[in-house]
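Listed below, chain by chain, are the residues.
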Amino acid sequence: MKPGRFGAYGGRYVPETLMAALEELEHAYAEAKEDAAFQAELASLLKDFAGRPTPLYFAKRLTESLGGAKIYLKREDLLHTGAHKINNALGQGLLAKRMGKRRIIAETGAGQHGVASATVCALLGLECIVYMGEEDMRRQELNVLRMRLLGAEVRGVSSGSKTLKDAVNEALRDWVTNVRDTYYILGSALGPHPYPTMVRDFNRVIGIEAREQILEKEGRLPTAIIACVGGGSNAIGAFYQFLLDREVRLIGVEAGGRGKALGDHAARFEGGVPGVLQGTYSYVLQDENGQVSLTHSVSAGLDYATVGPEHACLHDCGRAEYVSADDAHVLEAVVKLARTEGILPALESAHAIAECMRIAPGMASHDILVVNLSGRGDKDMGILARELNIQGAQGI
Amino acid sequence: MAIQFQQHPGLVVYLTAGDAGLSNHRPGSAGGADLSLTREIALAAIDAGADVIELGVPFSDPLADGPVIQRASERALARGTRLKDVLGLAAELRAARPKAGLVIFSYLNPILRFGLAKFADAAAQAGVDGVLLTDMIVEEAAEYIAEMERVNLAPIFLAAPTSPDERLQAIAAHSKGFIYAISRTGITGKQKTLAADAAALVERIRRWSKLPVAVGFGISNADQVAEVAKFADAAVIGSAIVELIERTTLDHGEEQAPGAVARFIKGLHQPHSVQAL
């Protein structure tokens, strides 16, 4: 298989101007990966700055409440900046510095990757510009403020759906224009090679830790691992170390949004077909003419028309299962986890909780579910207040 | 190959197919998109001296393009323009102007969705000469090149100032028709001055290829065309014309657009003259 390919998926579909930069990045990453000093610096920052390892927490009350499988939560929400995104931002930030690039650009949907990038740039003394759709800026105002406080410039994107897809387009345009001195910290396991591989590698630590922790706590591997899938970085990070453990089910949860119609959700594996968007070949939500569809999700971080190419490969070969959770069930899941465990999950992560709530009751008590809690819900308070009030669900 | 540059420098004119500028009175009907204004403008451009027309397939996510072409794409999509409409327009232009060069300019996804082999057949049937895909690089292009060869269409690849020599060599090896040299790093759009990058890039391309080299991105006036003439075979004009169409339809109505484009193109071979824009 060619490097950067996952079965038929992945590759590089970009303007020629970016090719030299992608080759430079591929080379620099290959070197850094083998460099003990780079890995040691990354490990040290992950431990002392980001707060790794994160706990694998037995959710006793949730387990009892659902009946059925034992539920563990991998607590990526406890990381500095509030989500798994810091794993990748630290890795790429160190790489940018090593490559001598002082100007950093990033894109963000829910804002977590933007906050993580802004944080890492502040830490390493790099200039940071974050592209964010205006709709997402409205939905995630708190994270916009955080990024600005950290010294990043947040540039609103008013084209298209004004969400993540459009922010990625603008970041790519900036990179095409300023390619010689700019490093693009891409926020998920997608885009042109080497990003899907590199971002997965920086998030592999989730699955490596989870595997050791569950073996220590239970003496065996889990029945299934559940993670939400937007671009898919937290999911591929959680899944990767278990790929060869065929008895472990890998379950990715996409955004089912408000319905099955094109434009009402972001369930690429249910409603999409393979195509090329933003540099990679993967499943894309699109119309019959190849125009990329608008998407909807209550969570800005999953509201995206394509998915990381490694997930496309895992989907087609059947190694991972992909399902979706709709907005209503996701909101229910937020309340459920808050009330049973005192943990407020990000709306993204609540998709994984919703699937857990769906399948755990039908499982046996010796089954074990590990749910990757990719981020915490503080950023979503505005949306939660609005959505839960609208639905009259305060008393759930 | 019908791609021939009749004058020096040759002129390649980009049009977003299905765009009617800011005109409102030809909305796409339920029966399909109305590409008649694009047809009239293309014919006027050819008659005014354009050697090659690039028919842009509008795409929802044109990440290599600047705001002018992005707006045109959005308008064309809002009017219901599909790839098959663009191919239909190409066939009409071929029938009307047998000697003009015709190139389909697109992002990859609409072509993939249409079907690569089906597209190659349809484009050849329509009388298209070449195809340029902005997000197709030579390393990924084996199947695409094979399809183009099968129906005798020219795959036109882009070369960038950032492309190292080994990439230029591969681009030269796989290109037919002409090579499109990007004058600078960046997205499409008018620029005040033509970057010095352009001449150096064309010189490097010539080491690897005997094909004509067209320079594009940022060219908007006769002085820049004259500058391109010193080192390249043709100039590509895109955003400047799309913007001219936008402004003309807004200020004077769409019926004035073909004439305005024709005057603009005629003026491109007269450096230091007053431009239409």
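Residues numbered from 1 in each chain as written. Chains lettered and ligands numbered in written order. Predicted model: local features only at pLDDT ≥ 70, side-chain atom pairs only at ≥ 80, totals over all residues. Heavy atoms only, no water.

Let us now look at the pairing of strand 4 (residues 70–75) of chain A. All names here are of chain A. With five of its six residues buried, strand 4 lies for the most part within the structure. Here three bridges tie strand 3 (residues 56–58) to strand 4, and the two strands are oriented antiparallel to one another. If you follow Phe58 over to strand 4, its bridge partner there is Tyr72. Here strand 4 runs beside strand 14 (residues 368–373); their pairing, made up of six bridges, is parallel. Note on strand 14: the bridge partner recorded for Lys70 is Ile368. (Buried < 20%, exposed > 50% of the residue type's maximum accessible area, 1.4 Å probe, protein only. Helix = DSSP H or I, 4+ residues; strand = E, 2+ residues; numbered from the N terminus. Pairing = 2+ DSSP bridges.)

Each side of the interface is counted separately: chain B has 37 residues, and chain A has 35 residues. Summing both partners gives a buried area of about 3,000 Å² for chain B against chain A, and 50% of it is carried by carbon and sulfur. Contact with chain A buries area across many residues of chain B, yet Leu63, Arg113 and Glu140 of chain B alone supply 24% of it, more than any other trio. Counting every contact that joins chain B to chain A gives five salt bridges. In this structure, the salt-bridge partner of Asp61 of chain B is Lys165 of chain A, at a minimum N-O distance of 2.8 Å. Put simply, the parts of the chain that give the side of chain B that touches chain A at least two residues each are helix 2 (67–78), helix 4 (108–114), strand 6 (158–159) and helix 7 (165–174) of chain B. Looking at the side of chain B that touches chain A element by element, the count peaks at five residues for helix 4 of chain B. Of the residues belonging to the side of chain B that touches chain A, the class tally is 19 nonpolar, eight polar and ten charged. (Contact = heavy atoms within 4.5 Å. Buried area = accessible area lost by both parts, 1.4 Å probe. Salt bridge = Lys/Arg side-chain N within 4 Å of Asp/Glu carboxyl O. Nonpolar A, V, L, I, M, F, W, Y, C, P; charged D, E, K, R; others polar.)

All names here are of chain B. Throughout the structure, instances matching the rule amount to 14 aromatic pairs over all chains. Seen in terms of ring centroids, Phe5 and Phe178 are 5.9 Å apart; in terms of plane orientation they differ by 65 degrees. Their pairing is edge-to-face. With Phe5 in the segment before strand 1 (10–16) and Phe178 in the loop between helix 7 and strand 7 (179–182), this residue pair connects regions lying 173 residues apart in the sequence. Comparing Phe5 with Phe178, the two get one shared label, buried. Judged by centre distance (6.2 Å) and plane angle (85 degrees), the rings of Tyr144 and Phe157 are edge-to-face. Remark: Phe157 occurs in the loop between strand 5 (154–156) and strand 6 and Tyr144 occurs in helix 6 (residues 142–150); sequence separation between them is 13 residues. (Phe/Tyr/Trp six-rings, centres within 6.5 Å; stacked < 30°, edge-to-face > 60°.)

Before going further, it helps to examine the pattern of salt bridges. All names here are of chain A. With the rule as written, the count across this model stands at 50 salt bridges over all chains. Across the pair Glu26 and Arg12 runs a salt bridge, and its minimum N-O distance is 2.9 Å. Taken as a pair, Glu26 in helix 1 (residues 19–34) and Arg12 in strand 2 (residues 9–13) lie far apart in primary sequence, 14 residues in all. Note that Asp136 is salt-bridged to Arg139, the shortest N-O span being 2.8 Å. Of this pair, Asp136 and Arg139 both sit in helix 6 (residues 134–139), three residues apart, roughly one helical turn. Judged by its relative accessible area of 12%, Arg139 is buried. Shared partners join several salt bridges into a network, and the residues in it are Glu135, Asp136, Arg138, Arg139 and Asp303.

A few words on the environment of Phe264 of chain B. Following the sequence through the fold, Phe264 of chain B ends up in helix 11 (residues 257–267). Along the backbone, Phe264 of chain B and Ala222 of chain B are 42 residues apart, and their C-alpha atoms lie at a distance of 9.2 Å.

Turning to the sheet that holds strand 2 of chain A, a few remarks are in order. All names here are of chain A. Strand order in the open sheet made by the four strands is 1-2-12-11, with antiparallel pairing throughout. The two strands at the open ends of the sheet, each matched to only one other strand, are strand 1 (5–6) and strand 11 (273–277). By the bridge criterion, two bridges tie strand 2 to strand 12 (residues 279–284) in an arrangement that is antiparallel. By the bridge assignment for strand 12, Tyr13 is matched with Gly279. In this fold helix 12 (residues 309–317) packs onto strand 1, strand 2 and strand 12, with an angle of close to 40 degrees to the strand it touches most, strand 12. (Axes fitted to C-alpha atoms, helices over the stretch in contact; angles between N-to-C directions.)

Residues and elements named next belong to chain B. With burial as the criterion, each face of strand 4 (residues 130–133) is covered, one bearing Gly130 and Leu132 and the other bearing Val131 and Leu133. As defined by bridge partners, strand 4 adjoins strand 5 across three bridges and the pair is classed as parallel. The partner of Leu132 across the bridge, within strand 5, is Ile156.

Now for the nonpolar core. Formed by 81 residues in total, the largest nonpolar core has its most connected members in Ile53, Phe119, Tyr144, Val215, Ile237, Ile241 and Ile265 of chain B. The element that contributes the greatest number of residues to this core is helix 1 (residues 36–48) of chain B, accounting for eight residues. For Tyr144 of chain B, the residues in contact, after removing those within four places along its chain, are Leu116, Val131, Leu132, Leu133, Met136, Pro155, Ile156 and Phe157 of chain B. Core analysis: the next-biggest nonpolar cluster, separate from the first, contains 61 residues, Val14, Leu90, Ile185 and Met198 of chain A among them. (Core = buried A, V, L, I, M, F, W, Y, C linked by side-chain atoms within 4.5 Å.)

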